[in-house]
Amino acid sequence: MADVPGGGALTIGVDIGGTKVAAGVVTPEGRVLARVRTETPERSKSPDVVEDTIVGAVQELSRGFPVRAVGVGAAGFVDEQRGHVLFAPHLSWRREPLREALGARLGLPVVVENDANAAAWAEVWVGAGQGVDHVVVVNLGTGIGGAVVLDGKLWRGRHGIAGEFGHMTVVPGGHRCECGNRGCWEQYASGNAVTREARELVRSESPVARGLHQAVGGDARLITGPLVSELASKGDRACVELLEDVGAWLGAGLANLAAAFDPELFIIGGGVSEAGEPLLGPARTAFERTLPGRGFRPAARVVAAALGNEAGMIGAARLAGEAL
C-alpha cells in the first residue's frame, strides 16, 4: 500500500452526476493520486445500483492507499445533516440515506454534500477562487448546479439545499424540467439546452445547420454538447450562435444572482464551460447589460473554473478530511 505523500490523511472524493461517477484519492494539499471513472447507471434502475457503483470505485482505490474517509458530491438536494439525498432530478434518489448506506458498506466515515458545493469548495481551496471570500459558482453540466461561498464559508441555507440556481423559473410556462416545474434556468443555459436546440435544428433540416447535419449523418440523436463546442471552435456558424444564445441566458441569470448575493467573483464550471470564450464572452456581455444598477456598482468578475472535471471529487475529498 502506498505511503501518504508529505504525511496527513488521504481521503477519497466521489463526484456523482447525471452521466458519470468519478472518484479519486486526494492528498491534504489537493493533489489527485489515483482516479477511476464510470458511467452513471441508468436512472430507471434501483438506487442500490448507483450505490454499488460508488462502493466499487472506493474499494478499487482503497486497495492501493491508506484512505481515512470518503466524501461524496451528489447531484441533488442534500439535507442539512449531510446524510440524505432528498431529491436528485437526474437520478432516482428520493430521501436516500446515502451516508448511512455507504458508511455501513465501506467501514469508513462518509460525508455527503451537494456536488456543486463540493466543486465550489475545491475552486476556493486550490482553484480559480483562491483568496476570494465572496464567490458564486455555477456549474453547467447536464443541468445547472450552484454554490455560494460567503465570508469564506460554504453557505448551505437553513435546510442544506441553497444554491439550486438551475431551478429558478426564468420563463413562466416554458420548457418542462425534471424537477417538476416549467421554465427553469437549466432548460436554457445547460448542456441539455445546447443539445436540445442543436437537435431541433437538425430535425427541422434548417439550412443554417448543414455542418451539424453532416457531422452526425442526419441523425440528431448523435448530437452532444462537446460536438457543438468542437464545431463552434472551427467556426460553424450555427454552433457559434447556439453557444451565444446559451451564454446570453447564462449572463442574464448571473445578473439575477448578483442582485441576490453581490459576490466578488463568479466561477463558471462544469462540462459546458469547456466551450470557453464562445460561451463566456456572450455571458459577460449579457451580465453587464442586465446587472441591476449597472454603471453605479462594482461588477463581479466572471471567470472559468480552473479544476475542470476534477473539482467535485477534490472538494468532496476536502470536506471528508475536514470532518475527521
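One can find the structure itself at the top, above this paragraph.
## Here we look at the overall build of the protein
Part 1 of the argument: Each helix and strand counted, the protein has nine helices and 13 strands in total.
Part 2 of the argument: Dimensions of the protein along its principal axes, counting C-alpha atoms only, are 60 × 50 × 35 Å.
Part 3 of the argument: Residue burial in the protein is summarised as follows: out of 324 residues, 52% are buried.
Part 4 of the argument: By sequence separation, contacts in the protein at least 24 residues apart represent 63% of the contacts at least 6 residues apart.
Part 5 of the argument: When the 31 positive and 37 negative side-chain charges of the protein are each reduced to one mean point, those points stand 2 Å apart.

## Description of the environment of I54
Part 1 of the argument: With respect to the helices, strands and loops of the structure, I54 is situated in helix 1 (residues 47–62).
Part 2 of the argument: Taking the relative accessible area as the measure of exposure, I54 reaches 0% and is therefore buried.
Part 3 of the argument: Along the chain, I54 and G107 lie 53 residues apart, while their C-alpha atoms are 14 Å from each other.
Part 4 of the argument: Here I54 is in contact with V14, I16, V21, W93 and L102, once residues within four sequence places are set aside.

## Considerations on the pattern of salt bridges
Part 1 of the argument: If you walk through the whole model with that rule in mind, you get twelve salt bridges.
Part 2 of the argument: Note that R221 and D219 form a salt bridge whose closest N and O atoms lie 3.0 Å from each other.
Part 3 of the argument: For R221, a relative accessible area of 64% puts it in the exposed group.
Part 4 of the argument: Linked by salt bridges that have partners in common, R82, E113 and R156 make up one network.

## Quick word on the sheet that holds strand 7 (residues 94–96)
Adjacent strands of a sheet pair through backbone hydrogen bonds, lying either parallel or antiparallel.
Part 1 of the argument: Spatial strand order, 5-6-7: three strands in an open sheet with antiparallel pairing. Since the sheet does not close on itself, it has two edges, and those belong to strand 5 (77–78) and strand 7, each with one partner.
Part 2 of the argument: Judged from the two bridges that link them, strand 5 and strand 6 (residues 85–87) form a sheet pairing that is antiparallel. Counterpart to V78 in the pairing with strand 6 is V85.

## Comments concerning the packing of aromatic side chains
Part 1 of the argument: The final tally for this structure, using the stated rule, is five aromatic pairs.
Part 2 of the argument: When the ring of F165 is compared with that of F261, the centres are 6.0 Å apart and the planes differ by 55°; the resulting orientation is tilted. Remark: F261 occurs in helix 7 (residues 237–261) and F165 occurs in the loop between strand 11 (153–154) and helix 4 (191–203); sequence separation between them is 96 residues.
Part 3 of the argument: Between the aromatic rings of Y188 and W249, the centroid separation amounts to 4.8 Å while the plane-to-plane angle is 35°, which identifies the pairing as tilted. Here Y188 is found in the loop between strand 11 and helix 4, whereas its partner W249 is found in helix 7, with 61 residues between them in sequence.
Part 4 of the argument: A relative accessible area of 11% means that Y188 is categorised as buried.
Part 5 of the argument: Among the aromatic residues, ring-to-ring pairing joins W155, F165 and F261 into one connected group.

## Considerations on the nonpolar core
Part 1 of the argument: Grouped together as the largest cluster of nonpolar side chains are 41 residues, with contacts concentrated most on V138, W185, L212, L250, L254, F266 and F287.
Part 2 of the argument: Contributing elements (two or more residues each) for this core: strand 9 (135–140), strand 10 (144–150), helix 4, helix 6 (225–233), helix 7, strand 12 (265–269) and helix 8 (277–290).
Part 3 of the argument: Broken down by element, this core gets its largest block of residues, ten residues, from helix 7.
Part 4 of the argument: Residues V25, A34, A74 and V85 belong to the second largest nonpolar core, which totals 30 residues.

## Some thoughts on the pairing of strand 12
Part 1 of the argument: Most of strand 12 sits out of view: five of its five residues are buried.
Part 2 of the argument: Where burial is concerned, the two faces of strand 12 agree: the one with L265, I267 and G269 and the one with F266 and I268 are both buried.
Part 3 of the argument: The pairing of strand 9 with strand 12 spans five bridges and is classified as parallel. The residue bridging V136 from the neighbouring strand is F266, located in strand 12.
Part 4 of the argument: Summarising the sheet, strand 12 and strand 13 (residues 301–304) pair through four bridges and their orientation is parallel. Within the sheet, the bridge partner assigned to L265 lies in strand 13 and is R301.
Part 5 of the argument: A crossover connection joins strand 12 to the parallel strand 13 through helix 8; in handedness this β-α-β unit is right-handed.

## Digging into the sheet that holds strand 9
Part 1 of the argument: One open sheet holds the five strands; their spatial order is 11-10-9-12-13, and the pairing between them is mixed. For this open sheet the edge positions go to strand 11 and strand 13, each flanked by a neighbour on one side alone.
Part 2 of the argument: Lying on the sheet, helix 7 is in contact with strand 9, strand 10, strand 12 and strand 13; it crosses strand 9 at an angle near 150°.

## As for the packing of helix 6 against helix 7
Part 1 of the argument: At a minimum axis distance of 7 Å, the contact between helix 6 and helix 7 shows a crossing angle of 115°. Helix 7 is crossed by helix 6, and the crossing has left-handed handedness. Across the interface between the two elements, V228, S229, L231 and A232 from helix 6 touch C239, V240, L242 and L243 from helix 7.
Part 2 of the argument: Tallied by class, the residues present in the contact of helix 6 with helix 7 amount to seven nonpolar, one polar and no charged.

Thresholds, definitions, all that
Residues numbered from 1 in each chain as written. Predicted model: local features only at pLDDT ≥ 70, side-chain atom pairs only at ≥ 80, totals over all residues. Heavy atoms only, no water. Helix = DSSP H or I, 4+ residues; strand = E, 2+ residues; numbered from the N terminus. Buried < 20%, exposed > 50% of the residue type's maximum accessible area, 1.4 Å probe, protein only. Contact = heavy atoms within 4.5 Å. Lys, Arg positive; Asp, Glu negative; His and termini not counted. Charge placed at Lys NZ, Arg CZ, Asp CG, Glu CD. Salt bridge = Lys/Arg side-chain N within 4 Å of Asp/Glu carboxyl O. Pairing = 2+ DSSP bridges. Phe/Tyr/Trp six-rings, centres within 6.5 Å; stacked < 30°, edge-to-face > 60°. Core = buried A, V, L, I, M, F, W, Y, C linked by side-chain atoms within 4.5 Å. Right-handed = clockwise from strand over helix to strand, strands pointing away. Axes fitted to C-alpha atoms, helices over the stretch in contact; angles between N-to-C directions. Left-handed = near helix turned anticlockwise from the far one by under 90°. Nonpolar A, V, L, I, M, F, W, Y, C, P; charged D, E, K, R; others polar.

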